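The lines below spell out each chain.
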Amino acid sequence: MLVLLPPSETKAAGGDGAPLELAGMSHPELNGTRRELVDALSTLAGDVPRSLEVLGISERQVDEVERNAALWSSPTAPALERYTGVLYDALDIGSLEPAQRKQADERLAVASALFGLVRGTDSIPAYRLSGGGSLPGLGTLRSVWRPVLEPVLAAADDLVVDLRSGAYAALAKVSGAVEARVLSEDPSGKRKVVSHHNKSHKGRLARALACAPAEPRSVEDVLEVAAEAGLRVEREADRKLCVVVTA
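Below you will find a few notes about this structure. In this text the structure is predicted, and so the values were computed from the model without any measurement.

1. Considerations on the overall build of the chain
Scanning the chain from terminus to terminus reveals 10 helices and 12 strands. By the compact-globule yardstick of 18 Å for 247 residues, the chain fits well, its C-alpha radius of gyration being 18 Å. Expressed along its principal axes, the backbone C-alpha trace of the chain runs to roughly 55 × 40 × 35 Å. The buried share among the 247 residues of the chain stands at 49%. Surface accessibility of the chain: about 11,300 Å² in total, with carbon and sulfur atoms responsible for 51%. Within the chain, one finds 29 positive and 34 negative side-chain charges whose respective centroids are separated by 5 Å.

And the structure:
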C-alpha cells in the first residue's frame, strides 16, 4: 500500500542529517528534476524581493527565502519529521513504536513541490515552495512534475490511497487510486465539505493505515482499519471514500 500525503507550508527547522544528497533519496528517476528545481529555487533566493513575490509571502517571512538559499548546505531531517502542522500533528510520527515507524516509512509518501515524492526515510532540508506555484524559467510546477512523476506513481502496483490536496494532486494523476475527502454532518444529517477538520482527520487516517498490523490491500481493508481506529469512513463510490465528522 502507498498512502500519498500532502506536504505542509510549515517545516521543522534544523535537523541532524548531512546536507542534501539526492543520490541517497528514493525514486532516483526523479533526481534530474529535483536537482533542476533545487538549483532554480536556491538561485532565486539571491533576489529576495523576487523570491517573496514568486513564493507569495511577505517581508516578515524573509527567513523562508534564507532557507531556500541554503538548500544544498543546511542540515536535513527525515521527511516525516520535517513536515509540521495539523495533519502531521495528528499523524504524530514521533510517538510510533519502532515496528510501526518502519511500516510508516514503507507505506507513507509525501507529495512535494520541490522533490516530487519523498518517503519517510528521505532526508530533506527545510524549504518553501508551494505546489500551485511556478519558478522563473521553468514554468508551473504542474508542467514540470507531471511528465516525470506520473510514470513513477503509475508503476505502483499496490493499493494507493490518495490524501493529497488539490494543488499537489494536480502535480500527477494516479489512475485507480482510492481518494478520500472529509465531510461535516450536522444534527439534521446535512453534510458539507470542511477545511477545519480536513487535515487532522486525514492525519488520523494515515496513522491508522501506517500502523495496521496487516497491510491494507483493498478498499474494504481501508474501511476496516478506519473503523478500528474510531473513524467514521463511508464508501461514496467504487474508489471514493468520505470521512464523516459530526459538526
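2. Describing the side chain of Ser 42
Topologically, Ser 42 is positioned in helix H1 (residues 31-44). Side-chain polar atoms of Ser 42 contact the backbone oxygen of Val 38, separated by 2.8 Å. At 3.1 Å, the side chain of Ser 42 forms a polar contact with the backbone oxygen of Asp 39. When residues no more than four places from it in sequence are discounted, the contact partners of Ser 42 are Asn 68, Ala 69, Leu 71 and Trp 72.

3. Observations concerning the environment of Asp 63
Mapped onto the secondary structure, Asp 63 falls in helix H3 (residues 62-69). Sequence separation of Asp 63 and Gly 132 is 69 residues, and the distance between their C-alpha atoms is 21 Å.

The rules behind the values
Residues numbered from 1 in each chain as written. Predicted model: local features only at pLDDT ≥ 70, side-chain atom pairs only at ≥ 80, totals over all residues. Heavy atoms only, no water. Helix = DSSP H or I, 4+ residues; strand = E, 2+ residues; numbered from the N terminus. Rg over C-alpha atoms; globule rule 2.2 N^0.38 Å. Buried < 20%, exposed > 50% of the residue type's maximum accessible area, 1.4 Å probe, protein only. Areas by Shrake-Rupley, 256 points an atom, 1.4 Å probe, with all protein chains shown as cover. Lys, Arg positive; Asp, Glu negative; His and termini not counted. Charge placed at Lys NZ, Arg CZ, Asp CG, Glu CD. Polar contact = N/O pair within 3.5 Å; in protein donor to acceptor, adjacent residues only side chain to side chain. Contact = heavy atoms within 4.5 Å.

Function-wise, these values are silent; they only describe arrangement.
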